[in-house]
Amino acid sequence: MMTGVVLILFCIVYLHPRIVDNNIPLPLQSPSSRSYLLSSILQSPPSPRDQILSSLHSTQPDTVVASKWWKKFLCKSLPDNTTNSQFTLPLLFRDTQPTRTDYNVFLLDTACNTHPKYRAWCSVESWARQNPNLDVWYLLTSPTADNTDHLLTHLLHHYPNLNLATLDLDKIFHDLPVNKLFNSRRWTRVDTWPVEVLSNMLRASVLWHWGGVYSDTDVISIKPFTIPVNAVGLENKGVVASAFLSFTKNNPVLWALMKDMNTHFEPNKWGCIGPQAVTRVIRSVCKNDTTKLDIPKDGKPQTCNNITIYPSQFFSPIYYKNFKAYISGGGGKNFEKDFSNTFLMHFWNKITKNVVVKAGSGSIYDVAAKKSCPVTYQMATLRANHF
């Protein structure tokens, strides 16, 4: 009996704090010990976030939204009924919305995923962890979020600034320039990459409503975001990235961006309302001074009309053609030195989504994930030796 009590105390005092401590990632474990640690990680102490979790369970799905054409299009494979392992998400505008202007970070899932991949959760967690002064909003087109692995529970317990909600696209786009494109349904053609096109329309729209930062879910925040709003980053010479945007609420650049999307959307043309649209609008803001979109030799940001344009090293330090550098074993051994001027790391999910990142390999991605999304990293690697 005494042995059992000692073992329980050992698990509570030693194992549990290590799992939730952001600064001490767990080493890789054998399959048997992984199962043991997983059982302990699922026994969380009560927290103020229990109130939020309770509200997720009690929120009622919006039957009107569920019957809308875009919901039927995006969410064809959703289960008919929610289970005990799924949370019904609060509906943006009806149940919840940002309460602060310009102090928000928005991330999106427009594919109606009930269970986003660990890499997406890593991005979400990294923003919440590195920026406790900002309200992080993960907005999904799915009305529910699967919590079978209890990752969602742990993230909400761990980060008071993390919020989840499902979207009513009609309300988001109402009275905005992209509403015409949205309701035209041209973006729903299979050859238009509808998930990506919808994400492009949404990122400008949510920033217009509330202001702050938009980030793709293949971007990891590796240090506190101290850059002022009204900023963009170069993807390459002459190309402004759309994976990161930072603007104040109702900024006229956002309105111009949405008008550009409505005007220049072309089915079957990748990026036409993504980086190409952002680049066109920033060029216009800079009065077609193309030198503003060059890679500056001194590595310093450039400014035109109160918009700051940052060199690629700040947000996209490795170009997509060199993506293998992110996953090369040992590539992160000088991480802090190599990325001392980097705030965000863009991992180019379009081409890396099927690439395996080995846990404990010391690759750039492995080091970044351990550092910036430890809860997600440990949950993912308890089940496998890759992330």
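The rules behind these values
- Residues numbered from 1 in each chain as written.
- Predicted model: local features only at pLDDT ≥ 70, side-chain atom pairs only at ≥ 80, totals over all residues.
- Heavy atoms only, no water.
- UniProt positions renumbered as here; feature names shortened; annotations may be inferred.
- Core = buried A, V, L, I, M, F, W, Y, C linked by side-chain atoms within 4.5 Å.
- Buried < 20%, exposed > 50% of the residue type's maximum accessible area, 1.4 Å probe, protein only.
- Contact = heavy atoms within 4.5 Å.
- Helix = DSSP H or I, 4+ residues; strand = E, 2+ residues; numbered from the N terminus.
- Expected span 1.5 Å × (residues − 1).

Going by an unreviewed UniProt entry, the protein chain carries the name Alpha 1,4-glycosyltransferase domain-containing protein and comes from Petrolisthes manimaculis. Taken from UniProt, the Subcellular location (unreviewed entry) comment for the protein chain reads in full: "Golgi apparatus membrane". Under the UniProt heading Sequence similarities (unreviewed entry), the note attached to the protein chain is "Belongs to the glycosyltransferase 32 family."

**Some points on the nonpolar core**
A general feature of soluble globular proteins is that nonpolar side chains tend to end up buried together. The biggest cluster of nonpolar side chains holds 54 residues, and the ones touching the most others in it are Leu-139, Leu-169, Phe-173, Met-201 and Ile-282. With near-sequence residues (within four places) excluded, Leu-139 lies in contact with Leu-92, Phe-106, Leu-107, Leu-108, Asp-109, Ala-165, Leu-167 and Val-206. Residues Ala-120, Trp-127, Ala-128 and Leu-162 belong to the second largest nonpolar core, which totals 35 residues.

**Notes on helix α10 (residues 194–210)**
In an α-helix, one turn spans 3.6 residues; hence positions three or four apart end up facing the same way. For α10, built from 17 residues, the straight-helix expectation of 24 Å at 1.5 Å per residue is met to within 8% by its first-to-last C-alpha distance of 24 Å. Burial analysis of α10 places 15 of its 17 residues in the buried class, the great majority of the element. Of the residues flanking the end of α10, it is Gly-211, one or two places downstream, whose phi is positive at about 75°.

**Observations concerning the environment of Ala-120**
Note that Ala-120 resides in helix α6 (residues 118–130). On the accessibility criterion, Ala-120 (10% relative accessible area) is buried. With 100 residues separating them in the primary sequence, Ala-120 and Ile-220 have C-alpha atoms 9.2 Å apart. Aside from chain neighbours lying at most four places away, what touches Ala-120 is Tyr-138 and Thr-217.

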